[in-house]
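Here is how the chains run, residue by residue.
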Amino acid sequence: MDTFDDLLAPIGVEAFRSGHLGRQPLHIPASGDAPRRGLLTWAAFNTLLGQTNIWDNDRLQMLHRQVDVPPEQYCRTRPSTHGPVWRPDPEMVELMLGAGASLLVNDMLTLHAPITRAGAAIGEALGANVGASVFCSFKESKVLGTHYDVHDVFAVQTEGEKVWNIYEGRVEDPLDYPPGLTNADIEKSRGRLVTTITMRPGDLLYMPRGVYHDAIAVDAPSLHVSFTVKALTGRALLTLIDQMARDHPAFRAWLPSADRDPEAFGAAVAALGPVLAEILASPAFRDAAARQQHRAKPVVPAFALPDRPTLTLYQVTGRPFPETTAVGREIHAWIAGQRRFALQHLKVQFDGDPSATLDAVVHAAEAAGAIARM
């Protein structure tokens with residue numbers, strides 16, 4: 001399952017974008033050409049759980065009746081390079097499972113290749129940051145109570161069955177949870193039950209952020225992978241706006257005293273509006289925002305040991321760099337600061353830019369004599 005089309009099969013990507021993305025939940029039952037069930041088998045999950053040194057009590061949580069199990073009830077302290085940490089103890093985990101606890105396993109995106117590839121495909125298609133968690137629960141067990149998420153969710157049922165309840169309540173584009181939110185608040189806000197979906201192996205459920213829902217394994221053990229998807233928001237660009245505003249004279253000028261001359265103060269503040277609009281509309285800001293979005297997307301690691309890459313090395317000659325774009329000037333400034341550099345290092349440093357763009361800037365600098373191969 002290496003593409004977004006694979007994940008959504010047999011629903012087309014465009015149908016999903018136009019009818020469901022950010023709008024309403026979508027249940028896609030398993031079909032013969034949808035390889036979603038193989039995302040995580042019981043055997044693969046058991047193997048991962050057995051690698052106890054990769055887990056701590058934050059990454060591998062146990063819950064009983066929707067309450068966190070204290071780490072001392074399923075972990076032991078073990079030494080690490082950063083001091084003692086709680087590591088799940090296999091026998092204690094088994095005991096808690098026998099007592100009715102469930103498992104919530106976080107940060108799974110890079111621990112299992114099929115999950116990594118699927119998460120990268122989602123991130124590439126939606127221009128978003130993607131995480132992955134695994135929920136393992138048993139008969140009549142709810143890992144979490146009714147809630148809404150602050151991210152979109154693609155849930156893939158891989159083993160067993162799970163019943164999802166979707167309610168009419170929805171929080172519009174939530175970025176976080178309000179402080180002091182209680183179960184009583186949720187019960188009041190979720191509204192009436194509007195849909196019940198039974199998820200079977202190979203099924204996919206898309207849940208937009210803000211939709212109230214809960215899920216329960218009814219008759220048998222259940223295993224599902226939950227991909228969390230956070231796309232870039234306007235709020236995420238505020239830091240970028242601040243960086244570009246610092247370079248504009250209008251934002252570096254002192255403001256008049258609001259106490260002594262309120263009219264001048266108000267006029268000066270109002271005058272910043274068009275300047276801010278100019279920044280937001282500039283190609284430089286658009287390009288920088290696109291780079292920030294690109295950096296958020298997960299990448300599938302591609303090691304090929306024992307082969308090692310051959311580095312392409314350059315050195316700065318002291319000759320002037322050619323005229324270029326704002327992005328090119330940033331690259332030139334980095335190169336000048338390095339004096340000597342590997343092309344591969346530059347591409348890591350500017351991983352938000354397409355490789356072809358970086359190659360073009362380097363080739364132009366080489367043609368101008370500003371850098372030379374070593």
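Treat the numbers as computed from the prediction; the structure is a model and nothing was measured.

Conventions adopted
Residues numbered from 1 in each chain as written. Predicted model: local features only at pLDDT ≥ 70, side-chain atom pairs only at ≥ 80, totals over all residues. Heavy atoms only, no water. Helix = DSSP H or I, 4+ residues; strand = E, 2+ residues; numbered from the N terminus. Buried < 20%, exposed > 50% of the residue type's maximum accessible area, 1.4 Å probe, protein only. Contact = heavy atoms within 4.5 Å. Pairing = 2+ DSSP bridges. pLDDT = per-residue confidence, 0-100. Axes fitted to C-alpha atoms, helices over the stretch in contact; angles between N-to-C directions. Left-handed = near helix turned anticlockwise from the far one by under 90°. Nonpolar A, V, L, I, M, F, W, Y, C, P; charged D, E, K, R; others polar. Lys, Arg positive; Asp, Glu negative; His and termini not counted. Salt bridge = Lys/Arg side-chain N within 4 Å of Asp/Glu carboxyl O. Polar contact = N/O pair within 3.5 Å; in protein donor to acceptor, adjacent residues only side chain to side chain. Arc of directions from axis to C-beta. Parallel < 35°, antiparallel > 145°, perpendicular 65-115°, else oblique.

Across its full length, the protein chain holds 13 helices and 16 strands. The principal-axis extents of the C-alpha atoms in the protein chain amount to approximately 70 × 65 × 50 Å. Across the 374 residues of the protein chain, 40% fall into the buried class. In the protein chain, of all internal contacts separated by at least 6 residues, the share reaching a separation of at least 24 is 79%.

Right, let's talk about the sheet that holds strand 7 (residues 128-137) for a bit. Within a sheet, neighbouring strands are paired by backbone hydrogen bonds and run either parallel or antiparallel to one another. Reading across from one edge, 1-11-8-13-7-6-2-3 is the order of the eight strands in this open sheet, with antiparallel pairing throughout. Pairing within the sheet leaves two strands with one partner each, and these edge strands are strand 1 (26-28) and strand 3 (67-68). Strand direction decides the pairing type here: strand 8 (residues 152-159) and strand 13 (residues 222-231), joined by seven bridges, are antiparallel. Along strand 13, the bridge assignment pairs V153 with T228.

Attention now moves to the confidence of the model for the protein chain. When pLDDT is low, close inspection of the predicted coordinates is not appropriate. Residues at a pLDDT of 70 or more form 99% of the protein chain, whose mean pLDDT is 92. Mean pLDDT values over the elements of the protein chain span from 87, in helix 6 (residues 183-189), up to 97, in strand 11 (residues 204-207).

Below, the discussion takes up the pairing of strand 11. Successive residues of a regular strand alternate their side chains across the two faces of the sheet. Of the two faces of strand 11, the one holding L204 and Y206 and the one holding L205 and M207 are both buried throughout. Inspection of the sheet shows strand 8 paired to strand 11 by four bridges, in the antiparallel sense. In the strand pairing of strand 11, V153 is matched with M207.

Before going further, it helps to examine the packing of helix 11 (residues 326-338) against helix 13 (residues 355-367). Relative to each other, helix 11 and helix 13 sit at 65 degrees, their axes nearing to 10 Å. As for the relative orientation of helix 11 and helix 13, their crossing is right-handed in sense. Counted together, G328, I331 and H332 of helix 11 and L358, V361 and A365 of helix 13 form the full contact between these two elements. Of the residues assigned to the contact of helix 11 with helix 13, the class counts are four nonpolar, two polar and no charged.

Attention shifts here to the side chain of K162. Structurally, K162 can be placed in strand 9 (residues 162-170). The buried charged residue K162 lacks any salt bridge partner; its closest oppositely charged side chain belongs to D214, at an N-O distance of 9.9 Å. Within the structure, K162 has its side chain in polar contact with the side chain of H224 (distance 3.5 Å). The residues contacting K162, other than those within four sequence positions of it, are F135, S137, V143, Q157, I197, T198, M199, A215, I216, A217, S222 and H224.

Right, let's talk about helix 7 (residues 238-245) for a bit. Residues of helix 7 that are buried: L240, I241 and A245. Down the axis of helix 7, the smallest arc covering the buried residues is 135 degrees, so these residues share one side. As for helix 7, its buried residues are in contact with helix 8 (249-252), helix 9 (262-281) and helix 10 (283-296).

It is at 11 Å that the axes of helix 7 and helix 10 come closest, and there the two elements cross at 140 degrees. As summarised for this structure, helix 7 and helix 10 are arranged oblique, according to the angle between their axes. In this structure, helix 7 meets helix 10 at a crossing whose hand is right-handed. Every residue of helix 10 that contacts helix 7 at L240, I241 and M244 is listed here: A284, F285, A288, A289 and Q292. Grouping the constituent residues of the contact of helix 7 with helix 10 by class yields seven nonpolar, one polar and no charged.

Turning next to unusual backbone geometry. The amide bond that connects A9 to the next residue, P10, takes the cis arrangement and shows omega of 5 degrees. The residue P10 is located in the loop between helix 1 (4-8) and helix 2 (13-19) in this model. Of note, the amide linkage connecting L305 to P306 takes the cis form, showing an omega dihedral of 15 degrees. Residue placement: P306 occurs in the loop between helix 10 and strand 14 (313-316). One non-glycine residue with positive phi stands out, namely R65, at about 55 degrees. The exposure class of R65 is exposed, given its relative accessible area of 73%.

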